[in-house]
Amino acid sequence: MGAQRIIYMDHSATTFVKPEVVTAMIPYFTEHFGNPSSIYSIARESKNAIDAARVQTAKALGADPDEIYFTSGGSESDNWAIKGVAYANRKRGNHIITSAIEHHAVLHTCQFLEKEGFEVTYLPVDQYGLVDPAVLEKAITDKTILITIMYANNEIGTIEPIAELGAIARKHKIYFHTDAVQAIGSVPIDVKAQNIDLLSLSAHKFYGPKGTGALYIKKGVRIENLIHGGGQERRKRAGTENISGIVGLGKAIEMVTADIPGHSAKIRAMRDRLVKGVLAAIPNARLNGNPEKRLAGNFNVSFEFIEGESMLLWLDDEGICASTGSACTSGSLEPSHVLLATGLPVEISHGSLRLTLGDANTDKDVDVVLEVLPKVVAKLRDMSPLYQKSGKEGGCNV
Ligand SMILES: *Cc1c(COP(=O)(O)O)cnc(C)c1O
């Protein structure tokens, strides 16, 4: 096969770390290694670096620096927000509202709380993955203490009407959390204007390091700690700080929020050419997610009569990294809960492909995928008994 260039179209799974971010982090592994809780001067360097990253993070969200708490990533932030608010407000009520298409960090946390005596409503979404604000408002009871709805979906890229949902929560004096892990750098965020009380983010989804995240907690929110121990993060999140990671998060969030419209336009242009080309070249294909209200880099498509994982293996053979909505790894053919919630039939969900574009991509990458993907789909369909039986060479019955 020879030296093959990797075409990375899986930016929603994780991103490479920008060189400027790595450069910013390196001194905090070497000369500035002090524990920020100590009092000598190298420790002060560490403390100052954390303070600076807190300012960078706050600025990107329209928050105050003392409303930012660093964590180990998106999963911890989601767990902390949901369990922390649930436990601290138990006397007021035991009802939580979320959506059916959340990331497992939110869904599984809610399912855990159901075992602890909380009641959870999983709001349905429309065919594009949108939560209806009117449906949210109807689900509120006098026991509701928390509403948690993701900012943008990691599989289909749909961007939820966060400001409207937040306004409803505010009107009913209910805390509003959003998992904004996929939104940072793609959508301008202003926690005050959008009525957001808690917001989760994760550095490795926006060209920062893995294992570092943050939770924005609006001043005055009643929340229990998740990690108990030392007095770090103003006594709210114990554990010696991941200084280099925090510095990297700060640098990365500053970089990706510097020019969101300009950067998104560039990614969107590549994505749109890919969508158009794929849908034109491959029959019986359908775009998943909202055509307009979607992340600039997200393309999620279903091809009838084939199976997502075989598609990934053939694409991998061509050096193309992608994802599928069908996870058959454990033999337990389990299609994506997100695609099913949009009403996509199980068989079609199995033939889903997610390509998420970002800074690792060029126009040349789009050319290569446009050349390779139709061949892969055609080859798999040729091997598919379902396709033979359907007698379909064009048209679409979805
Ligand atoms: C990746 C992701 C998470 C989990 O973040 P980690 O930092 O990997 O723990 C949570 N929510 C969404 C929407 C994500 O895409």
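None of the values given here were measured: they were computed from a predicted structure. (Residues numbered from 1 in each chain as written. Predicted model: local features only at pLDDT ≥ 70, side-chain atom pairs only at ≥ 80, totals over all residues. Heavy atoms only, no water.)

## A closer look at the confidence of the model for the chain
Atom-level detail of predicted coordinates should not be read off regions where pLDDT is low.
Then comes step 1: A residue-level look at the chain finds 95% of positions with pLDDT of 70 or above and a mean pLDDT of 94.
Then comes step 2: Low pLDDT (under 50) marks residues 394-398, which in the prediction has ten contacts with non-local residues, meaning those over four places away or in another chain. (pLDDT = per-residue confidence, 0-100. Contact = heavy atoms within 4.5 Å.)

## As for the domain arrangement of the chain
Then comes step 1: When the domains of the chain are assigned, the result is domain 1 (7-15 + 260-390) and domain 2 (19-256).
Then comes step 2: Each of domain 1 and domain 2 has a C-alpha centre, and these two points are 29 Å apart.
Then comes step 3: In total, about 2400 Å² of surface goes out of reach between domain 1 and domain 2, with carbon and sulfur atoms giving 54% of it.
Then comes step 4: The largest contributions to the domain 1 side of the interface with domain 2 come from Ile260, Leu295 and His337, which together make up 26% of the buried area. (Domains from an automatic or database assignment. Buried area = accessible area lost by both parts, 1.4 Å probe.)

## Quick look at the sheet that holds strand β10 (residues 298-303)
Adjacent strands of a sheet form backbone hydrogen bonds with each other and so pair up, either parallel or antiparallel.
Then comes step 1: Spatially, β9-β10-β14 is the arrangement adopted by the three strands of the open sheet, whose pairing is antiparallel. Looking along the sheet, the strands with just one partner apiece sit at the ends: β9 (285-288) and β14 (352-356). Sheet twist, expressed as the average angle between the axes of neighbouring strands with direction ignored, equals 25 degrees.
Then comes step 2: Contacts between helix α9 (residues 260-281) and the sheet are confined to β9, β10 and β14, with β10 contributing the most and set at about 10 degrees to the helix.
Then comes step 3: Packing against the sheet, helix α10 (residues 308-317) makes contact with β10 and β14, and its axis sits at approximately 45 degrees to β14. (Pairing = 2+ DSSP bridges. Helix = DSSP H or I, 4+ residues; strand = E, 2+ residues; numbered from the N terminus. Axes fitted to C-alpha atoms, helices over the stretch in contact; angles between N-to-C directions.)

## A look at the site of the ligand
Then comes step 1: Around the ligand, the surrounding shell holds 13 residues, and the nearest of these are Ser75, Asp179, Gln182, Ser202 and Lys205.
Then comes step 2: Contact distances for the ligand include 2.9 Å between an oxygen atom and a backbone N or O atom of Gly74.
Then comes step 3: In the environment of the ligand, an oxygen atom lies 2.6 Å from a nitrogen or oxygen atom belonging to the side chain of Ser202.
Then comes step 4: Taking 380 Å² as the accessible area of the ligand by itself, protein coverage stands at 87%.
Then comes step 5: The biggest single contributor to the shell around the ligand is helix α3 (residues 74-88), with three residues.
Then comes step 6: Split by residue class, the shell around the ligand holds two nonpolar, eight polar and three charged. (Near = heavy atom within 4 Å. Polar contact = N/O pair within 3.5 Å; in protein donor to acceptor, adjacent residues only side chain to side chain. Areas by Shrake-Rupley, 256 points an atom, 1.4 Å probe, with all protein chains shown as cover. Nonpolar A, V, L, I, M, F, W, Y, C, P; charged D, E, K, R; others polar.)

## A word on helix α4 (residues 104-115)
Then comes step 1: Its twelve residues give α4 an end-to-end C-alpha distance of 16 Å, which sits within 8% of 16 Å, the value for a rise of 1.5 Å per residue.
Then comes step 2: Looking at the buried side of α4, the elements it contacts are α3, β3 (95-99), β4 (119-123), β5 (144-148), β6 (175-179) and α11 (337-341).
Then comes step 3: Looking one or two places after α4, you find Gly117, whose phi comes out positive at around 100 degrees. (Expected span 1.5 Å × (residues − 1).)

## A closer look at the packing of aromatic side chains
Then comes step 1: Summed over all chains, the structure comprises three aromatic pairs.
Then comes step 2: When the centroid spacing of 5.8 Å and the interplanar angle of 75 degrees are considered together, the rings of Tyr69 and Trp80 count as edge-to-face. Linking Tyr69 in strand β2 (residues 68-71) with Trp80 in helix α3, this pair joins segments that are eleven residues apart in sequence.
Then comes step 3: For Trp80, a relative accessible area of 0% translates into the label buried. (Phe/Tyr/Trp six-rings, centres within 6.5 Å; stacked < 30°, edge-to-face > 60°. Buried < 20%, exposed > 50% of the residue type's maximum accessible area, 1.4 Å probe, protein only.)

## A short note on the side chain of Asn298
Then comes step 1: Following the sequence through the fold, Asn298 ends up in strand β10.
Then comes step 2: Look at Asn298 and you get buried, because its relative accessible area is 1%.
Then comes step 3: Engagement of the side chain of Asn298 in a polar contact is seen with the backbone oxygen of Glu155, the distance being 3.0 Å.
Then comes step 4: Leave out the neighbours within four places in its chain, and Asn298 touches Asn154, Glu155, Ile156, Gly157, Arg271, Arg354, Leu355 and Thr356.

## Here we look at the side chain of Asn89
Then comes step 1: For Asn89, the position within the fold is in the loop between α3 and β3.
Then comes step 2: Overall, Asn89 belongs to the buried group, its relative accessible area being 1%.
Then comes step 3: Not counting chain neighbours up to four residues away, the residues in contact with Asn89 comprise Ile145, Tyr175 and Arg222.

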